[in-house]
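Residue strings, one per chain:
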Amino acid sequence: RDTPRSDIVLNGRYLVQSAMRFSAYGGLYLALDQQTGETVVLRESRPYIGGGLREGDARKVLAKEARILQRLAPTGLVPRFIDYFTTDGGHEFLVQERLEAESLWGYAINITHQEEGRTSGAVLV
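Residues numbered from 1 in each chain as written. Predicted model: local features only at pLDDT ≥ 70, side-chain atom pairs only at ≥ 80, totals over all residues. Heavy atoms only, no water.

A.B. asks: With reference to specific residues and values, describe the packing of aromatic side chains.
C.D. replies: Both the distance between ring centres and the angle between the ring planes are used here to describe each pair of aromatic rings. Under the criterion given, the structure shown has three aromatic pairs. Seen from their ring centres, Phe22 and Tyr29 are 5.8 Å apart, and the 80° between their planes marks the pair as edge-to-face. For Tyr29, a relative accessible area of 12% puts it in the buried group. Ring geometry for Phe85 and Phe93: centres 5.2 Å apart, planes at 15°, overall stacked. Neither residue differs from the other here; Phe85 and Phe93 are each classed as buried. Three or more aromatic residues joined by ring pairs form one cluster here, namely Tyr14, Phe85 and Phe93. (Phe/Tyr/Trp six-rings, centres within 6.5 Å; stacked < 30°, edge-to-face > 60°. Buried < 20%, exposed > 50% of the residue type's maximum accessible area, 1.4 Å probe, protein only.)

Here it is in structure tokens:
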């Protein structure tokens, strides 16, 4: 298990361990679910960003992704939905299962370039 690198606890439950990515739209973090002991992925969407998107701002897009994960859960083909919450500052977070696997994008790139036996090393989150 990773040693926590911060004391940031979100939603009274998720101890942030590391940041994987950042953008204007939000961040992608690994966190320890203190209720289950499981390492999870937190996907953040920030308020008032991406207002030009057809679906609305980044928060509406993330909420839609959460609904899709919940609807596809019975297939076992998507990361497991765990939680969805909003902070006092209006940032929204989708919490999902962390999967240790090659991403579909990495797999497709390997097929496109026909590099047999070589994987992208990407992790699906």
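A.B. asks: Give me the lowdown on the nonpolar core, citing residues and values where you can.
C.D. replies: Formed by Leu10, Tyr14, Val16, Tyr29, Ala31, Val40, Leu42, Ile82, Phe85, Phe93 and Val95, the largest nonpolar core amounts to eleven residues. At the level of secondary structure, the elements contributing two or more residues to this core comprise β2 (14-23), β3 (26-33), β4 (39-45), β5 (81-86) and β6 (92-97). (Core = buried A, V, L, I, M, F, W, Y, C linked by side-chain atoms within 4.5 Å. Helix = DSSP H or I, 4+ residues; strand = E, 2+ residues; numbered from the N terminus.)

A.B. asks: With reference to specific residues and values, describe the confidence of the model for the protein.
C.D. replies: For the protein, per-residue confidence averages 82 on the pLDDT scale, and residues scoring 70 or more make up 71% of the total. The weakest mean pLDDT in the protein belongs to helix α2 (residues 104-113) at 66; the strongest belongs to β5 at 97. (pLDDT = per-residue confidence, 0-100.)

A.B. asks: A description of the pairing of β5 should follow, citing residues and the corresponding values.
C.D. replies: Of the pairings in the sheet, the one linking β5 to β6 comprises five bridges and is antiparallel in character. The residue of β6 that forms the bridge with Phe85 is Phe93. The hairpin turn running from β5 into β6, its antiparallel successor, is five residues long, and Gly90 in that turn takes a positive phi close to 90°. (Pairing = 2+ DSSP bridges.)

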